[in-house]
Amino acid sequence: DTHEKLTYKELTDYAVNLSISLATIGVKKGDVVAVGAEKRLEFVPTVLAIVFTGATYTPYDLKSGRAILKHKLSITKPKYFICSNLFWSSYKDILTEFDCIKYFITLDEATDQLISVKSLISCKNNTNHFEPPAIVQGQTDVAFILYSSGTTGMPKGVQLTHLNCILNSLPNDF
(Lines give C-alpha, C1' and ligand atoms only; values in the text may rest on other atoms or scores of the structure.)
Protein backbone atom coordinates (compact mmCIF):
# COMPACT_ATOMS: atom_id res chain seq x y z
CA ASP A 1 0.00 0.00 0.00
CA THR A 2 2.83 2.43 0.81
CA HIS A 3 5.07 1.43 -2.14
CA GLU A 4 7.97 0.99 0.28
CA LYS A 5 10.48 -1.70 -0.59
CA LEU A 6 12.60 -4.02 1.48
CA THR A 7 15.42 -6.17 0.10
CA TYR A 8 15.97 -9.70 1.34
CA LYS A 9 19.15 -8.49 3.06
CA GLU A 10 17.30 -5.65 4.81
CA LEU A 11 14.54 -8.03 5.85
CA THR A 12 17.07 -10.53 7.21
CA ASP A 13 19.14 -7.86 9.02
CA TYR A 14 16.01 -6.38 10.61
CA ALA A 15 14.72 -9.80 11.73
CA VAL A 16 18.06 -10.96 13.16
CA ASN A 17 18.86 -7.65 14.86
CA LEU A 18 15.38 -7.33 16.35
CA SER A 19 15.52 -10.96 17.52
CA ILE A 20 18.80 -10.31 19.34
CA SER A 21 17.40 -7.11 20.82
CA LEU A 22 14.21 -8.83 21.98
CA ALA A 23 16.28 -11.58 23.61
CA THR A 24 18.33 -8.86 25.34
CA ILE A 25 15.20 -7.49 27.05
CA GLY A 26 14.16 -10.99 28.08
CA VAL A 27 12.01 -12.44 25.29
CA LYS A 28 12.45 -16.20 25.32
CA LYS A 29 10.89 -19.53 24.46
CA GLY A 30 7.47 -19.82 26.08
CA ASP A 31 6.73 -16.07 26.07
CA VAL A 32 3.88 -14.68 23.99
CA VAL A 33 4.68 -11.58 21.94
CA ALA A 34 1.73 -9.75 20.39
CA VAL A 35 1.83 -7.47 17.37
CA GLY A 36 -0.93 -4.93 16.78
CA ALA A 37 -0.75 -2.63 13.78
CA GLU A 38 -2.16 -1.67 10.44
CA LYS A 39 -0.51 -3.17 7.33
CA ARG A 40 3.21 -2.45 7.66
CA LEU A 41 6.40 -3.20 5.77
CA GLU A 42 7.97 -4.33 9.04
CA PHE A 43 5.34 -7.01 9.66
CA VAL A 44 7.12 -10.09 8.23
CA PRO A 45 10.58 -9.37 9.68
CA THR A 46 9.01 -8.58 13.06
CA VAL A 47 7.18 -11.92 13.09
CA LEU A 48 10.40 -13.71 12.09
CA ALA A 49 12.29 -11.95 14.88
CA ILE A 50 9.75 -13.17 17.43
CA VAL A 51 9.90 -16.75 16.14
CA PHE A 52 13.73 -16.66 16.12
CA THR A 53 13.68 -16.01 19.89
CA GLY A 54 11.58 -19.14 20.43
CA ALA A 55 8.66 -17.02 21.65
CA THR A 56 5.12 -17.34 20.33
CA TYR A 57 3.73 -14.69 17.97
CA THR A 58 0.09 -13.60 18.09
CA PRO A 59 -1.54 -10.90 15.90
CA TYR A 60 -4.07 -8.21 16.77
CA ASP A 61 -5.87 -6.38 13.99
CA LEU A 62 -6.34 -2.63 14.26
CA LYS A 63 -9.94 -2.96 13.02
CA SER A 64 -11.06 -5.90 15.18
CA GLY A 65 -12.75 -3.76 17.82
CA ARG A 66 -12.42 -3.27 21.55
CA ALA A 67 -14.39 -6.28 22.82
CA ILE A 68 -12.55 -8.70 20.52
CA LEU A 69 -9.18 -7.21 21.52
CA LYS A 70 -9.97 -7.62 25.24
CA HIS A 71 -11.09 -11.18 24.63
CA LYS A 72 -7.97 -12.11 22.64
CA LEU A 73 -5.67 -10.50 25.25
CA SER A 74 -7.37 -12.51 27.99
CA ILE A 75 -6.79 -15.72 26.00
CA THR A 76 -3.10 -15.28 25.15
CA LYS A 77 -1.85 -13.01 27.96
CA PRO A 78 1.12 -11.61 26.02
CA LYS A 79 4.19 -10.53 27.97
CA TYR A 80 5.44 -8.18 25.23
CA PHE A 81 3.37 -6.03 22.89
CA ILE A 82 4.75 -4.55 19.66
CA CYS A 83 2.43 -2.05 18.01
CA SER A 84 2.16 0.97 15.79
CA ASN A 85 1.52 4.34 17.40
CA LEU A 86 -1.89 4.30 15.71
CA PHE A 87 -2.78 0.99 17.40
CA TRP A 88 -1.50 2.35 20.73
CA SER A 89 -3.56 5.54 20.49
CA SER A 90 -6.66 3.51 19.59
CA TYR A 91 -6.34 0.90 22.36
CA LYS A 92 -3.94 2.25 25.01
CA ASP A 93 -6.59 2.12 27.74
CA ILE A 94 -7.30 -1.58 27.10
CA LEU A 95 -3.64 -2.56 26.71
CA THR A 96 -2.59 -0.95 29.98
CA GLU A 97 -5.34 -2.86 31.86
CA PHE A 98 -3.47 -6.11 31.27
CA ASP A 99 -0.74 -6.57 33.90
CA CYS A 100 0.67 -9.53 31.94
CA ILE A 101 2.19 -7.08 29.42
CA LYS A 102 5.63 -6.05 30.73
CA TYR A 103 6.95 -4.16 27.68
CA PHE A 104 5.26 -2.00 25.08
CA ILE A 105 7.34 -1.52 21.92
CA THR A 106 6.45 0.64 18.94
CA LEU A 107 7.23 0.21 15.26
CA ASP A 108 7.23 4.02 15.05
CA GLU A 109 9.02 6.73 17.02
CA ALA A 110 9.35 6.22 20.77
CA THR A 111 6.97 7.94 23.18
CA ASP A 112 6.95 8.28 26.96
CA GLN A 113 5.32 4.86 27.25
CA LEU A 114 6.65 3.04 24.19
CA ILE A 115 10.18 1.84 23.45
CA SER A 116 10.88 2.03 19.72
CA VAL A 117 12.12 -0.92 17.69
CA LYS A 118 14.77 1.44 16.26
CA SER A 119 16.14 2.27 19.69
CA LEU A 120 16.13 -1.40 20.71
CA ILE A 121 18.11 -2.37 17.64
CA SER A 122 20.52 0.56 17.85
CA CYS A 123 20.96 0.21 21.61
CA LYS A 124 23.38 -2.58 20.90
CA ASN A 125 25.17 -2.76 17.59
CA ASN A 126 24.01 -6.18 16.46
CA THR A 127 25.16 -6.03 12.85
CA ASN A 128 28.26 -8.16 13.41
CA HIS A 129 26.83 -10.35 16.13
CA PHE A 130 25.02 -13.50 15.05
CA GLU A 131 22.82 -15.45 17.40
CA PRO A 132 21.32 -18.65 16.09
CA PRO A 133 17.56 -18.96 16.47
CA ALA A 134 16.32 -20.55 19.68
CA ILE A 135 16.15 -24.33 19.75
CA VAL A 136 12.53 -25.44 19.76
CA GLN A 137 10.70 -28.75 19.81
CA GLY A 138 8.91 -28.63 16.46
CA GLN A 139 6.04 -30.91 17.42
CA THR A 140 5.18 -29.24 20.72
CA ASP A 141 6.49 -25.66 20.89
CA VAL A 142 3.96 -23.09 19.69
CA ALA A 143 5.13 -20.67 16.99
CA PHE A 144 1.85 -18.84 16.40
CA ILE A 145 -1.45 -18.30 18.13
CA LEU A 146 -3.94 -17.27 15.48
CA TYR A 147 -7.68 -16.86 15.92
CA SER A 148 -10.81 -18.52 14.58
CA SER A 149 -13.29 -16.32 12.77
CA GLY A 150 -15.69 -16.24 15.71
CA THR A 151 -18.73 -17.23 13.66
CA THR A 152 -20.20 -19.21 16.59
CA GLY A 153 -19.18 -16.79 19.30
CA MET A 154 -15.99 -15.01 20.30
CA PRO A 155 -12.79 -15.98 18.42
CA LYS A 156 -10.82 -18.88 19.81
CA GLY A 157 -7.03 -19.07 19.94
CA VAL A 158 -5.59 -21.65 17.56
CA GLN A 159 -2.07 -22.79 18.41
CA LEU A 160 0.26 -23.73 15.57
CA THR A 161 3.49 -25.50 16.40
CA HIS A 162 6.68 -24.94 14.44
CA LEU A 163 6.12 -28.29 12.70
CA ASN A 164 2.53 -27.30 11.75
CA CYS A 165 3.92 -24.18 10.06
CA ILE A 166 6.52 -26.15 8.11
CA LEU A 167 4.07 -28.82 6.99
CA ASN A 168 1.45 -26.25 5.98
CA SER A 169 3.99 -24.46 3.79
CA LEU A 170 4.84 -27.58 1.77
CA PRO A 171 3.07 -28.25 -1.55
CA ASN A 172 0.03 -30.52 -1.19
CA ASP A 173 1.51 -33.15 -3.51
CA PHE A 174 4.74 -33.46 -1.49
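Residues numbered from 1 in each chain as written. Predicted model: local features only at pLDDT ≥ 70, side-chain atom pairs only at ≥ 80, totals over all residues. Heavy atoms only, no water.

(A) Structural detail: helix α1 (residues 8–24). A rise of 1.5 Å per residue sets the reference length of α1, with its 17 residues, at 24 Å; its end C-alpha atoms lie 24 Å apart and thus fit the reference within 8%. All buried positions along α1 are accounted for by Y14, A15, V16, N17, L18, S19, I20, S21 and L22. The first or second residue beyond α1 is G26, which carries a positive phi of 115 degrees. (Helix = DSSP H or I, 4+ residues; strand = E, 2+ residues; numbered from the N terminus. Expected span 1.5 Å × (residues − 1). Buried < 20%, exposed > 50% of the residue type's maximum accessible area, 1.4 Å probe, protein only.)

(B) Main features of the environment of E38. With respect to the secondary-structure elements, E38 resides in the loop between β1 (32–37) and α2 (43–52). Spatially, the C-alpha atoms of E38 and Y60 are 9.3 Å apart, while their sequence positions differ by 22 residues. Ignoring anything within four residues of it in the chain, the contact list for E38 reads L62, S84 and L86. (Contact = heavy atoms within 4.5 Å.)

(C) Expanded view of the pairing of strand β6 (residues 142–147). Along β6, five of the six residues are buried, which leaves the element largely enclosed by surrounding structure. Pairing of β6 with strand β7 (residues 157–161), which is carried by five bridges, proceeds in the antiparallel orientation. Each residue of the ladder has a partner; that of L146, found in β7, is V158. (Pairing = 2+ DSSP bridges.)

(D) Structural detail: the state of the cysteines. Scanning the entire structure with this criterion turns up zero disulfides. Sulfur of C83: no disulfide; nearest cysteine sulfur belongs to C100 and is 14 Å away. (Disulfide = S-S within 2.5 Å.)

Nothing here speaks to function; it is all geometry.
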